Amino acid sequence: MATRSYSGAQPYFPDEDRAEIMAAVEDILVSGSMTQGPYLKRFEAAAAEMAGTRYALGVNSGGTALEIALEAVNVKGKDVIVPTETFVATANSVVRAGGRPIFADLRLNDLAISESTIAAVKTPNTAAVIIVHMFGLMSSEIAAIQDYCRKEGLVLIEDAAHAHGASFCGRPAGSLGQIGCFSYYATKVLTTGEGGVITTSDDRLAEQVRRIRDHGRQTGGSVFDYAGNNFRLAEIPAAIGVVQQRRLAEIVAHRRRIAAVYRNILHNAPYMYLVDPVPHDEHSYWRYAILLDKGIDRQTVQRVLLDQINARVTWMYEPLCHQQPLYAHQAENAVSLPVAESVVGRLINLPTHSYIDEQGATDIAHTLYDCVAGLARHA
């Protein structure tokens, strides 16, 4: 009998979806329409419906989506506030768009920036704020951040790489700022392998994004009036995206059920803190985030879960962005961001993907509970 295993992330392609994708690939190859064809249009329509925006524009990666969004709102020579706990692509996109990332601290309960942490680092040169929906969690501070950005004249950009299907007060991720950016990388809630989407309801921004992603081409013609590049999403990944988007409600509902299993077993567990703010039914739970108490060794926890039940427990985004060699030498990043710095070494992530069933989540939660309690007794 084969031993069960629980990977940290795994894309969801049931048999019928694989068959549909292969038929679409055959259709694309026979047609010869490899790019900017009907599958891209269908994918973009589905992504716009997900985000509740007038426009969704496919691009070749989530990092590209951020870079184009920042270029479209024109942050060149300006400061952009970014949470320090995020994948470095968020900060790098600011640099590549000609801006300067200014790193902000987090709130403990949702691992997101807040109005106060934004205000603490805002400069007279600040033009935009990027909020990251870390692990698919939607911060209760979003309304306050929206109000602050309006008052200060700042563009609010969503890094929704983890947040397909998440919402805030009923409004979908991707519609909460002037422009939103989704990643469809292999490990994300939905995937096209590599790929990204930019969402907006702003006509001018949508047109600028179209130009930037297609070499600076004016719509529908052969006139180029902007130095863009080829950031387009090809037809085959778009076809995968069409099938994935159809699974969105199922995939997110599953992740919420798995999160509920972890929550129900671990909510009173000693020596750990669940990063799982209410309302639970608005998060997409890309991963389930837990902070271990100081003194609980993560590598031991990881090894025990792997040895005992073949479950992969991960952590990420360490060092923090302001501690990365690319940014740490800059004077403006020689700051203390105490919450993020206290969190990053204690964070673990439990898997929530479609191949983790409720029994598997139960096994993971109980094994984690016993492991951490045992480590604490012997500390």
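Scroll up to find the structure.
The structure presented is a predicted model; accordingly, all values stated were derived computationally and were not measured.

1. Structural notes on the side chain of Thr-86
Position of Thr-86 relative to the elements: it lies in the loop between strand S2 (79-83) and helix H4 (88-96). Polar side-chain contacts of Thr-86 include one of 2.8 Å to the side chain of Thr-90. Not counting chain neighbours up to four residues away, the residues in contact with Thr-86 comprise Val-132, Met-134, Asp-159, Tyr-317 and Cys-321.

2. Focus: the sheet that holds strand S12 (residues 347-350)
Taken together, the 3 strands give an open sheet; going across it, the order is S10-S11-S12, and neighbouring strands pair in antiparallel fashion. The open sheet terminates on both sides in strands that have one partner only, identified here as strand S10 (272-274) and S12. Pairs of neighbouring strands in the sheet enclose a mean axial angle of 30 degrees, with direction left out of account. Note: strand S11 (residues 288-292) against S12, 4 bridges, orientation antiparallel. Its bridge partner being in S12, Tyr-288 is matched across the sheet by Leu-350. Most of the contacts of helix H9 (residues 248-266) go to S11, to which it runs at about 25 degrees, and overall it touches S10, S11 and S12.

3. Some points on the packing of helix H2 (residues 38-51) against helix H8 (residues 235-246)
Where H2 contacts H8, the two axes come as close as 8 Å, and the packing angle between them is 35 degrees. Crossing geometry of H2 relative to H8 is assigned as left-handed. Residue-level contacts link Pro-38, Tyr-39, Leu-40, Arg-42, Phe-43, Ala-46, Ala-47 and Met-50 of H2 to Glu-235, Ala-238, Ala-239, Gly-241, Val-242, Gln-245 and Arg-246 of H8. Here the contact of H2 with H8 is composed, by residue class, of 10 nonpolar, 2 polar and 3 charged.

Rules of the game
Residues numbered from 1 in each chain as written. Predicted model: local features only at pLDDT ≥ 70, side-chain atom pairs only at ≥ 80, totals over all residues. Heavy atoms only, no water. Helix = DSSP H or I, 4+ residues; strand = E, 2+ residues; numbered from the N terminus. Polar contact = N/O pair within 3.5 Å; in protein donor to acceptor, adjacent residues only side chain to side chain. Contact = heavy atoms within 4.5 Å. Pairing = 2+ DSSP bridges. Axes fitted to C-alpha atoms, helices over the stretch in contact; angles between N-to-C directions. Left-handed = near helix turned anticlockwise from the far one by under 90°. Nonpolar A, V, L, I, M, F, W, Y, C, P; charged D, E, K, R; others polar.

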